[in-house]
Amino acid sequence: MEDRIEGAGASIVSHAAELETQGMDAVGKPDEEPELPVALQDLIQRLQGKAGPGAQPLKYLPDLTDPKYGDFFTRYASPSTNMEWRNQVRLRVLEAIGRCNTLRALDLHDPFFSRCLITAGECEIVLRGVQSSTVLEGVYLDNLESRSAAEVEKLCLLLGRILETSITLESLCITRWRLTARGLSHLASGLQANSQSNLKYLILEDAWEDASVVKHVAPMVNSTPRLERLNLARVGMIDEDDVQTLSQALIQSSSLKAFLLHGAKGGASALLLKAFAGDSRNQSIQQLQLGFVSGLDDCLPAILSSNRSLREVWLQGSDMRPEQWRVIGQAIRDNATAATIHVRVGWKTCTREWHEGVEELVCAASSDVKDPIIHFDTRNEIKAPEEEYTYMDGDDVTLPYNLLKQAWSGKVKSLRSLNIEFPLSRNQLLHLKRFVRALGNGEPSTLKILYLRGLDGNLLPGVWKQLFWCMRGNTSLTHLELWSCEGLDEEAFKDLMGLLQVNLTLQSIRIEDSSWVKDGKEALIQEVLRHNKKRAAYASVFRDAKLKFGDAKAGRLFLCGSPKAGKTQLRQTLMRIIQGKSWLGNKLDELWRTKGIEMEFMRNDDKMQVAIWDLAGQWIFRTLQNVLFPQTNNFCVFLFVYSPFHEETSVMKPDSCFKSELEDWLRFIASSIQVTGHNLPQVLVVLSHKDKMTPSSLTWAHSIVEELKKDFANLVDLCPSQKCFHVDARRKKQVIPLKNHIFKIFENLLSEKSPRVPHLCFQISSLLVTNTKENRSCPLWSSTKFHEFCAPILKEIIPSFSLQSVDHSSILKSIITYLNAVGSIIYIPNIDYIIVDPTWLTNEFLGELIALGQDFQAQKPKSSDKTMSLDLYSSKDGFVSESVFVRLLEGFLGKKPRFQNVDREVLENILINLDLCFKLGSGEDTSRYFIPSIIREHASMQEQEHQDGANMESMSWNSKHENSQLVGIRIQCKDERRMSLTAAFFPRFQIFMRHKLISEMHVPKETVTCSRHYLRVFLDGHEIYLEHIQPEKSRNHVDVLMLCSKHKSRELAVKYVMKHIVEELTSFCASPKGCPGVALVLGVIQTQCVQMLIPSHLRGVILIEKLKSNFLSSLKEQLEEIALDRSHLVKEEMLLNYEHSWPPIPGYSLSAFERAKDLLWESDVEAVVNEIQQQRSQQLESLQEGLSSVNDELAQSDSESEKGVGNLSLAQIKNWRPASTSRLSRASTTVENRSTRLVVSQLDELGEKVDGLDDRLRAVESIMQRVENKMGQILSLQHELQSTLRAFMSNVDRSIGYSESLQQARTPKRPYITVDDVGSLSRITAALRFGSAVRLHLMCESVTGIHVVKDQEGLELRLDQENRVWLRNIYEISCKFVFYVVKAGLHVTLGLGQALTELGDLETVLPLSAASVALDSISSDDRVAFTKGEESMTLNEAWLRMTQALAPQLENKYSKIFKLYQVKYGHLEGGGYAWVCEQCMTRGLRTRILTSC
């Protein structure tokens, strides 16, 4: 047999060689074959060891189905592909793989189709090649498409030879093969011949010719001395011989640590019992994974109680009874040494016994003395055997909620983690209610990890609030994961931030596939968790030291506003009131302006420690303020001070100045501070200079405050208790009410629930304040000096019994961390200095230095000596030489006696570590310093006047050519008006990015250029600019401009820049050094603006989501306008030609239009097309449900069936949703007429295509090829949708008695009744008196979507004895129509949602018309005739009377009263004549699908 295999193998190889020869001949004919993709050429070179210098050896194969490698290894090739050439290239690549001497893993698996990329014959070529490899560590072969057992045996023989010779191979994975006994013998023979085999992982899953071959695995196990994991999946029936043979092998495998058994029955339990229980068991096993294994109750308790090496058990699926589960739970509780038990349940694979049994297991395993060890997991889809199990309906499964309730309340203590995946069923609301009930009040529990998947908070408002509120008091939960959850809005975000403010137990929150990831909130959450980690660390140190704790006391009051608003005067008055402090030389003080930030303690007593931070109003200090601003809003209050008068005169400013200045500071606060709970940053408004104003109303100011209060809702709390204060800042009497109000706010803030703080921290903070006042020496302390200062206090406070065991250094580090967090000190860890007087840093050093560098006059200059004695510093790009930088610092030091003992190098290090100065690193040009925040850009005002676009002169494309591809991405604040990127953001990001590129990505430093307004980098062949213009009022965006590499596609270039630039910037924005309050969104820039580097403020930009929305609307509109027969269908590519219109740019001649598919990434275009396709597929499914329902009713002849429809409750109608099945089935459809049968038949065929999306479509490698193919699918869907809609409407017409004769008479078919004073669909009841006015309305009957006509007057009728009956029948007809519309989902999918909204609340219509839906007002004879397809006399009478009522009064007044026009569709399928609104008529005439009558 082996000789025959060898002969066949040689034949295959010989044929392969022949193909290769032909391929090489073809290579010599460049005019006959296409050029290989660059990426594929590079891959072949690397496989052959011929990569260029610096290239890393190829250790792992890339995904060969990636578009950059062409379609050589896709499942289906493009129709235009030369198949002979394709086969030759495949052979060339595969032989290169076989000969590659650097590959660590051989994995030719298609991740999309879960199949092997190559055929059995090609696999043989590769395996022959790798036999000689000395580095191969893994072979992974999945779903090989083999034609016979002989082919598989050939490959097993080759694998056996690899196993025989290799001493490096560690993993062999074979899945979905048809392994025979002979094939397994080949594998075993190879292992038996190799005493040095290093095989550790043997995975054989669903790989069996039949169950009888499983025992042949035993020789392989016996011959693998280092085997650590063995997987045997889908093995089927295990007989006694299998048990004996395989169990002995498992017992003797002394290295085996993990064993998986799945889909096994028969002797499975005996196998497990023999191998892993008792005295002669396997002694090394640590993990068992058991899925759908029968008889576990016979073996698992014994295994758990006797196997001391076992650490982890996975259980999935079982047919055990609840009492058997209880026994296993008791074994876990009493005897098990396993540290972890995983239990998995699928909504669709859950039997009732399994449901009850798991609950018994968890309860029985609960223990007061053992840590929780059970991990419970529910999933929507879990692969299970296809026979013998009777599964529960997913909506009946309550197990996860029962477990959550018991674990959350602490009744069950065995659960460590709980994974709840909410089922995709029409009754998810039911599951959400169960979930909320299970949460209870958040009592202490042992649950550590909670995973939630698919929770839709939109269905049950308040579910997120309930969850996060319950977690506030839960001190056990450490990990929370939210996957694909909905309803995570701003309110939910604040609830979560509020939770994190008080709960330090949560260590990890993972959020996937949510809007929070896109808008940056997820990054903000991670930043809070990092901050909480520090808080938890120092809190644990304090607790270990047994220190006394108390409520938080530290708060900060920030004075902000424009220059000369009176902030400093107000601060002085507040200090005089509170501390009795006198200010000498107040007249002199009035001449001085604040530089940077001045800070002092306004109150420092047992109740609170409130520091006042006076922020300079000049823009030049804004970067400094950004750097030192608190990162959270905890215990912070902002006082906006505004002077209504111009700085130099007593002339009042216009009201718009007040609004502009307040809006600017609110934007600064909202952008710089991260909200950490429901308490938003509180902002009070103070109008100063009351003495200059004549008594007048402040209504103008109050109205502006109210307007901005609404505008900035959810970001800041503006004037939380009153509108604003109006004071003369010099008068204590006028300032006292403001002082009282400030302290009242702090009392409320500090009294709220928050982590408690040791009294020790308050004492040290208070002592530092006293020391700073008394000692005017330099407050720059080393860690040693700070430790010496604190030592006496520590000795006094720490209990004597724990004095020796307490680590003083840890306590001091925790104290420093806390005091730095609340602003009492400023700690600079990288230079190990502590600044115990923040004013020294913020005002005396940084404020003065920036004033010097920016030529800022702190005192009013005399006319004779304005700036003559000052050196002027300026730099356009923000860089200065070392000599200039040294001169700047030394000039500063020479004027400051308090800095006499401070070295210049120390000051330089402070600037660098605060990100105010950036010095090029070691080994670079160290003669330049980047200090854009300290020195001016322009030397004079005349130069500054020409700044707009000046940076464009230094920005130019270095390598642009004729066919260059360019990409422009704008990263901007999501809320442009209320948010902005702070002054410090871009300089800090530039240096962060420069360091990352050079240090981590190993980009040559010469290719990275920093400038004041941009960062340029050459990366992976791309030339990239990041640009941010920083005027006095910060811009709200950063532009990423990219000239793509000529060797890479635009799509790959976009993916690269998104990963390495855009995502980095987004993450940095959420960090403490960024703008933690800002959410970012992406836009695309007009391509010609990128090409010409047009100035930033002129560029055309549109948000990506807005462009996608416009594109989607265009596609929908075009689909609706498609003609009704296939001959008028447009070409697929024409549907994708939507063009975005750009506004003109003054001074530039640019194209006004650009195609959306050229602006968007290809993946975004595909996402839009996918959404359209999904919508149309759902519409088809909904329509088929509705069509089936109508047809079933029409086919029923007994009245009970009719009554069943009529008795549907409102809840059933309103909660009804189209089935979520993926396949369109006609099994339950009864069809009475030929046309409907044809439609359903077409739906079945189409469902086959839509459900699988057709393998050919999935295999297309180019995204745009996939898009074009999908558009073809969509056009087919649209045609079938229209056909189905016509069939549906035709049958609905039958159900309401709209006959052919009525159609021929052109009678309107969609009437409804309203009562004059209600204006919505109304029931004609006995309570409605004769003479009451009612109105008869008609809907637009357009085939593209029936709808209510806006502002339709309707025909007024007076209710009388004669018309009462037929009007009631018309009302019932309209209810019948509405019922089937809801049933078919048309109220959502075809635009009738608005119609139903305008018709009124269904609560007032359908419950009262239960009988109306059944049309029970017609006679019994009529009912029988009607349900048999004959005409109903009662319904005919109603239609006739309506026609008679319309005819004499209307004549040609339809357009006036109903705003409807009679038209005729061009094809019979269109429905013949119809009454449509003007808009639908105009559109129909334009597309020529109808003609006017």
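Bear in mind that the values here come from a model prediction, so they are computed numbers and not experimental data.

Enquirer: Help me get a handle on the overall build of the protein chain, residues and values and all.
Expert: A count of helices and strands for the protein chain gives 52 helices and 46 strands. Taking all 1493 residues of the protein chain together, 56% fall into the buried category. Taking the contacts inside the protein chain whose residues are at least 6 apart along the sequence as the reference set, 77% of them involve residues at least 24 apart. Surface accessibility of the protein chain: about 64,000 Å² in total, with carbon and sulfur atoms responsible for 48%.

Enquirer: Any details on the packing of aromatic side chains? Residues and values, ideally.
Expert: Within the structure shown, the criterion is met by 28 aromatic pairs. A centroid spacing of 5.6 Å and a plane angle of 80 degrees characterise the contact between Phe493 and Trp516, whose relative ring orientation is edge-to-face. Residue Phe493 is located in helix H16 (residues 490-502), and its partner Trp516 is located in helix H17 (residues 515-518); the two are separated by 23 residues in the primary sequence. Phe493 gets classed as buried once you look at its relative accessible area, which sits at 8%. Given a relative accessible area of 0%, Trp516 falls into the buried group. Summarising the aromatic geometry, the rings of Phe640 and Phe658 are spaced 6.3 Å apart at their centres and angled 50 degrees between planes, so their arrangement reads as tilted.

Enquirer: Go over helix H13 (residues 399-408), please, and point to the residues and values.
Expert: For H13, a buried count of 8 out of 10 residues is recorded, marking the element as mostly surrounded by other parts of the structure. Just downstream of H13 lies Gly410, where phi reads positive at about 85 degrees.

Enquirer: Could you give me a rundown of the pairing of strand S14 (residues 449-453), with the residues and numbers involved?
Expert: Consecutive side chains of a regular strand alternate in pointing toward one face of the sheet and then the other. Burial analysis of S14 places 4 of its 5 residues in the buried class, which makes it a mostly covered element. Where strand S13 (residues 415-421) lies against S14, 5 bridges are found, and the strand directions are parallel. Residue pairing for S14: Glu421 is matched across the bridge by Arg453. Where S14 meets strand S15 (residues 479-483), 5 bridges bridge the pair, whose relative direction is parallel. Looking across to S15, one finds that Arg453 is bridged to Trp483. In this region the chain leaves S14, passes through helix H15 (residues 463-470) and returns to the parallel neighbour S15; the handedness of that crossover is right-handed.

Enquirer: So what's going on with unusual backbone geometry? Which residues, and what values?
Expert: Positive phi is not limited to glycine here, since Asp832 has a value of about 55 degrees. Along the chain, Asp832 falls in the loop between strand S27 (826-828) and strand S28 (833-835). Non-glycine residue His1002 carries a positive phi angle of around 60 degrees. Looking at where His1002 falls in the secondary structure, it is placed in the loop between helix H32 (985-1000) and strand S33 (1008-1010).

Enquirer: I'd like a rundown of the nonpolar core, residues and numbers included.
Expert: Grouped together as the largest cluster of nonpolar side chains are 154 residues, with contacts concentrated most on Ile97, Trp177, Leu261, Phe435 and Trp464. When residues of this core are assigned to their parent elements, the largest contribution, 7 residues, is made by helix H5 (residues 149-165). Once residues lying within four places of it in the same chain are set aside, the contact partners of Ile97 are Leu47, Leu61, Leu64, Leu103, Leu106, Leu108, Val126 and Val130. Among the nonpolar cores identified, the runner-up in size contains 142 residues, and Leu780, Leu841, Ile934 and Ala1156 belong to it.

Enquirer: Describe the confidence of the model for the protein chain, naming the residues involved and giving the relevant values.
Expert: Overall, the prediction assigns the protein chain a mean pLDDT of 77, with 77% of residues at 70 or greater. Counting interchain partners and residues more than four positions distant, the pLDDT-below-50 stretch residues 381-395 has 42 contacts. Confidence drops under pLDDT 50 across residues 1389-1430; counting only partners more than four residues distant or on other chains, this segment forms 97 contacts.

Enquirer: Now, about a positive patch on the surface: what can you tell me, with residues and values included?
Expert: On the surface, Lys405, Lys411, Lys433 and Arg437 cluster together to form a positively charged patch. Of note, Arg437 is situated in helix H14 (residues 428-439).

Enquirer: Lay out the pattern of salt bridges in plain terms, naming residues and giving numbers.
Expert: Applying the stated criterion across every chain, the model contains 49 salt bridges. In this structure, the salt-bridge partner of Arg510 is Glu512, at a minimum N-O distance of 3.2 Å. Note that Asp1039 is salt-bridged to Arg1099, the shortest N-O span being 2.5 Å. Remark: Arg1099 occurs in the loop between helix H34 (1087-1092) and strand S38 (1101-1103) and Asp1039 occurs in strand S36 (residues 1037-1043); sequence separation between them is 60 residues. Both residues of the pair, Asp1039 and Arg1099, belong to the buried class. By sharing partners, the salt bridges in this structure join Lys465, Glu491, Lys494 and Asp495 into a single network.

Enquirer: Tell me about the packing of helix H29 (residues 882-893) against helix H30 (residues 904-913), and please be specific about residues and values.
Expert: Contact geometry for H29 and H30: axes closest at 11 Å, N-to-C directions at 110 degrees. When the axes of H29 and H30 are compared, the pair comes out roughly perpendicular. Handedness of the H29/H30 crossing: right-handed. Of the residues in H30, those touching H29 at Phe885, Val886, Leu889, Glu890, Phe892 and Leu893 are Arg904, Leu907, Glu908 and Leu911.

Enquirer: Can you break down the sheet that holds strand S32 (residues 966-973) residue by residue, with the values?
Expert: Taking strand neighbours across the sheet as the criterion, the 7 strands line up as S33-S34-S35-S36-S32-S37-S38 in an open arrangement whose pairing is antiparallel. Looking at the sheet topology across the chains shown, the edges are occupied by S33 and S38. Each strand axis lies, on average, 20 degrees off the axis of its neighbour in the sheet, ignoring direction. In terms of strand pairing, S32 meets strand S37 (residues 1080-1085) through 5 bridges, oriented antiparallel. Looking across to S37, one finds that Ile969 is bridged to Val1084. Lying over the sheet, helix H33 (residues 1050-1070) contacts S32, strand S34 (1014-1019), strand S35 (1022-1027), S36 and S37, oriented at roughly 20 degrees with respect to S32.

Enquirer: Explain the environment of Ser656 to me, and be specific about the residues and the numbers.
Expert: Take Ser656: it is sitting in helix H22 (residues 655-672). The exposure class assigned to Ser656 is partly exposed, which follows from its relative accessible area of 49%. Taking the C-alpha atoms as reference points, Ser656 and Ala701, separated by 45 residues in sequence, lie 9.9 Å from one another.

Enquirer: How would you explain the side chain of His1060 if you had to name every residue and give the values?
Expert: Note that His1060 resides in helix H33. If we skip the residues at most four places from it in the chain, His1060 touches Met993, Met1001 and Leu1019.

Enquirer: Residues and numbers for the environment of Gln854, please.
Expert: Relative to the helices and strands, Gln854 resides in the loop between helix H28 (838-853) and strand S29 (879-881). Separated by 82 residues in sequence, Gln854 and Arg936 place their C-alpha atoms 5.4 Å apart. What Gln854 contacts, discounting residues up to four positions off in sequence, is Ile620, Ser933, Ile934, Ile935 and Arg936. At 3.4 Å, the side chain of Gln854 and the backbone oxygen of Ile935 are in polar contact.

Enquirer: I'd love a proper account of helix H52 (residues 1478-1487), names of residues and values included.
Expert: Every buried residue belonging to H52 is among Cys1480, Met1481, Arg1483, Gly1484 and Thr1487, and all of these are buried. Looking straight down H52, one finds that the buried residues subtend no more than 165 degrees of arc, so they occupy a single side. Packed against the buried residues of H52 are helix H35 (1104-1120), strand S44 (1461-1465), strand S45 (1473-1476) and strand S46 (1490-1492). Of the residues one or two after H52, Arg1488 is the one with positive phi, at around 60 degrees.

Enquirer: Break down the packing of helix H25 (residues 759-774) against helix H27 (residues 808-822) for me, citing the residues and quoting the values.
Expert: Direction vectors running N to C along H25 and H27 enclose 70 degrees, while the axes themselves pass 10 Å from each other. When the axis of H25 is compared with that of H27, the two are roughly perpendicular. The element H25 and its partner H27 pack so that their crossing is right-handed. Of the residues in H27, those touching H25 at Leu760, Cys761, Phe762, Ile764, Ser765 and Leu768 are Ile811, Ile815, Tyr818 and Leu819. Of the residues in the contact of H25 with H27, the class split is 9 nonpolar, 1 polar and no charged.

Enquirer: Could you give an account of the pairing of strand S5 (residues 171-175), with specific residues and numbers?
Expert: Taking burial as the measure, the 5 residues of S5 include 5 buried ones, the bulk of the element. Residues Ser171, Cys173 and Thr175 point to one face of S5 and Leu172 and Ile174 to the other, with burial holding for every one of them. Bridging between S5 and strand S6 (residues 201-205) involves 5 bridges; their strand directions are parallel. Looking across to S6, one finds that Thr175 is bridged to Glu205. The parallel pair S5 and S6 is bridged by helix H6 (residues 181-192), and the resulting crossover is right-handed.

Enquirer: Outline the environment of Asn1137, supporting the account with residue identities and numerical values.
Expert: Along the polypeptide, Asn1137 turns up in the loop between helix H36 (1132-1135) and strand S39 (1139-1141). Under the relative-accessibility criterion, Asn1137 is labelled partly exposed at 28%. Taking C-alpha positions, Asn1137 is 9.1 Å from Phe1111, a pair spaced 26 residues apart along the chain. Asn1137 has contacts with Arg1155 and Lys1157, leaving out every residue within four places of it along the chain. For Asn1137, the side chain forms a polar contact with the side chain of Arg1155, separated by 3.1 Å.

The rules behind each value
- Residues numbered from 1 in each chain as written.
- Predicted model: local features only at pLDDT ≥ 70, side-chain atom pairs only at ≥ 80, totals over all residues.
- Heavy atoms only, no water.
- Helix = DSSP H or I, 4+ residues; strand = E, 2+ residues; numbered from the N terminus.
- Buried < 20%, exposed > 50% of the residue type's maximum accessible area, 1.4 Å probe, protein only.
- Contact = heavy atoms within 4.5 Å.
- Areas by Shrake-Rupley, 256 points an atom, 1.4 Å probe, with all protein chains shown as cover.
- Phe/Tyr/Trp six-rings, centres within 6.5 Å; stacked < 30°, edge-to-face > 60°.
- Pairing = 2+ DSSP bridges.
- Right-handed = clockwise from strand over helix to strand, strands pointing away.
- Core = buried A, V, L, I, M, F, W, Y, C linked by side-chain atoms within 4.5 Å.
- pLDDT = per-residue confidence, 0-100.
- Patch = residues over 30% accessible without salt bridge, like charges linked within 9 Å, V, L, I, M, F, W, Y side chains within 5 Å.
- Salt bridge = Lys/Arg side-chain N within 4 Å of Asp/Glu carboxyl O.
- Lys, Arg positive; Asp, Glu negative; His and termini not counted.
- Charge placed at Lys NZ, Arg CZ, Asp CG, Glu CD.
- Axes fitted to C-alpha atoms, helices over the stretch in contact; angles between N-to-C directions.
- Parallel < 35°, antiparallel > 145°, perpendicular 65-115°, else oblique.
- Left-handed = near helix turned anticlockwise from the far one by under 90°.
- Polar contact = N/O pair within 3.5 Å; in protein donor to acceptor, adjacent residues only side chain to side chain.
- Arc of directions from axis to C-beta.
- Nonpolar A, V, L, I, M, F, W, Y, C, P; charged D, E, K, R; others polar.

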